[in-house]
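The chain contents come next:
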Amino acid sequence: MAAASMNSPWPPLRRLGLSAGAVILLTLPLWSPSDYITGIGTLAIFFAVASTGLNVVYGYAGLLSFAQVGFWGLGAYVSALLVTDHGFSTWTAIGCAGAVCVVTSLVGGLAALRVSRDAFVVITLSFSLLLQLLARSWTSLTRGAMGIPGLPSPQVRLGDAILLDGNTASGFYWIALGCGALVVAATWWLLRSRVGRAFVAVNLDENLARSQGISVFLHQLSAFALSALIGGLAGALYVFKLGIVDPGIFDIYYAQMMLIIVIVGGAGHFWFVLLMSFVFTALPELLRLAPELRMILFGLVLVITIQFMPQGLGGYLADRRNRMLRRTE
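Residues numbered from 1 in each chain as written. Predicted model: local features only at pLDDT ≥ 70, side-chain atom pairs only at ≥ 80, totals over all residues. Heavy atoms only, no water.

**A closer look at the overall build of the chain**
Then comes step 1: Secondary structure summary: the chain contains 15 helices and two strands in total.
Then comes step 2: Against the compact-globule benchmark of 20 Å for 329 residues, the chain has a radius of gyration of 20 Å, which places it among compact chains.
Then comes step 3: Principal-axis analysis of the C-alpha atoms places the extent of the chain at approximately 65 × 50 × 45 Å.
Then comes step 4: The 329 residues of the chain split such that 44% are buried. (Helix = DSSP H or I, 4+ residues; strand = E, 2+ residues; numbered from the N terminus. Rg over C-alpha atoms; globule rule 2.2 N^0.38 Å. Buried < 20%, exposed > 50% of the residue type's maximum accessible area, 1.4 Å probe, protein only.)

In structure tokens, the structure reads:
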């Protein structure tokens, strides 16, 4: 068995793919033919981070949550309000937005996780719809449909020197890439730890997990809070790219994108979800598809995936690898 694992072609291919992907991402603004392509890459990074958060709570902990787009929008509004109304710096506002999302998830999760998993889905959907309603209706705070314009771009400074300027396409891309890489790396490390293995155990069999001394409620709540933190940070930085935040930040399009990315990539398959984030962001843009055609394309891909690869691309390739290993034993 050990020999078969060592001779398997998948690990070298995976390392090669990760290395090639890292080089492409790091150098994209240097060879990109236009700022438009760089902007697509920036958007893909945001979806990769937000989808990673959804993958934590859905793919690893087994809780289908529609609250991810709610935390994405909540983080966006909190950071925008702190900068415009209270004079916070962009980086301080982003950190505070993440903290607010964590506290909100803990308070809401204490109640939502005491019901069945089916009811949890409905509660998280209601949470996101409620936040969208508040963003439209609480005009004294959110400015309603007019939104909050004039948001500044973040900068990375060393003393008085500006190392990265978010006002340029390449500068913001590298800022997003650096922040996204930190979040993704920290999440990967956590999921590879005992905490991540406990998430998987709870997902597979709650009763068996309890018998092994694992607190199901605590780990589900932790996964929900972690996903909220990741989504809130992504949304908080994203609005500084847009320069404005309005109720459209809660649009169902974002929720659909995150969910399709996780399902097609394979829930619980970390790197394939990241890969699908870039595929589903770049492909419709490069094909110049209208929003309606994008949804048709996504729907077709989702139907095909569920029909032929119900565990997503990551699950399909993992099954093929396992069959190869069994044949070589």
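That was the structure; now back to the text.
**Some details on the pairing of strand β1 (residues 155-158)**
Then comes step 1: Relative to strand β2 (residues 161-165), β1 runs antiparallel, the two sharing four bridges. Residue Gln 155 lies in a different strand from β2, and its bridge partner there is Asp 165. (Pairing = 2+ DSSP bridges.)

**Points about the packing of aromatic side chains**
Then comes step 1: Tallied over the entire structure, the rule returns 17 aromatic pairs.
Then comes step 2: Taken together, a centroid distance of 5.4 Å and an interplanar angle of 40° make the contact between Trp 72 and Tyr 254 tilted. Of this pair, Trp 72 sits in helix α4 (residues 68-86) while Tyr 254 sits in helix α12 (residues 252-265), placing them 182 residues apart in sequence.
Then comes step 3: Note on Tyr 254: relative accessible area 11%, which makes it buried.
Then comes step 4: Members of the aromatic cluster, each reached through a chain of ring pairs, are Phe 46, Phe 47, Trp 72, Phe 172, Tyr 238, Tyr 253 and Tyr 254.
Then comes step 5: The ring of Phe 217 has Arg 114 lying over it, and the distance from NZ or CZ to the ring centre is 4.7 Å.
Then comes step 6: We note Lys 241 situated over the ring of Phe 172; from NZ or CZ to the ring centre the distance is 5.5 Å. (Phe/Tyr/Trp six-rings, centres within 6.5 Å; stacked < 30°, edge-to-face > 60°. Lys NZ or Arg CZ within 6 Å of the ring centre and 35° of its normal.)

**A look at a positive patch on the surface**
Then comes step 1: A cluster of basic side chains, namely Arg 320, Arg 323, Arg 326 and Arg 327, defines a positive patch on the protein surface.
Then comes step 2: The topology assignment puts Arg 320 in helix α15 (residues 312-328).
Then comes step 3: Relative accessible area serves as the criterion here: at 36%, Arg 320 is assigned to the partly exposed category. (Patch = residues over 30% accessible without salt bridge, like charges linked within 9 Å, V, L, I, M, F, W, Y side chains within 5 Å. Areas by Shrake-Rupley, 256 points an atom, 1.4 Å probe, with all protein chains shown as cover. Salt bridge = Lys/Arg side-chain N within 4 Å of Asp/Glu carboxyl O. Lys, Arg positive; Asp, Glu negative; His and termini not counted. Charge placed at Lys NZ, Arg CZ, Asp CG, Glu CD.)

Just distances and angles here, no functional claims.
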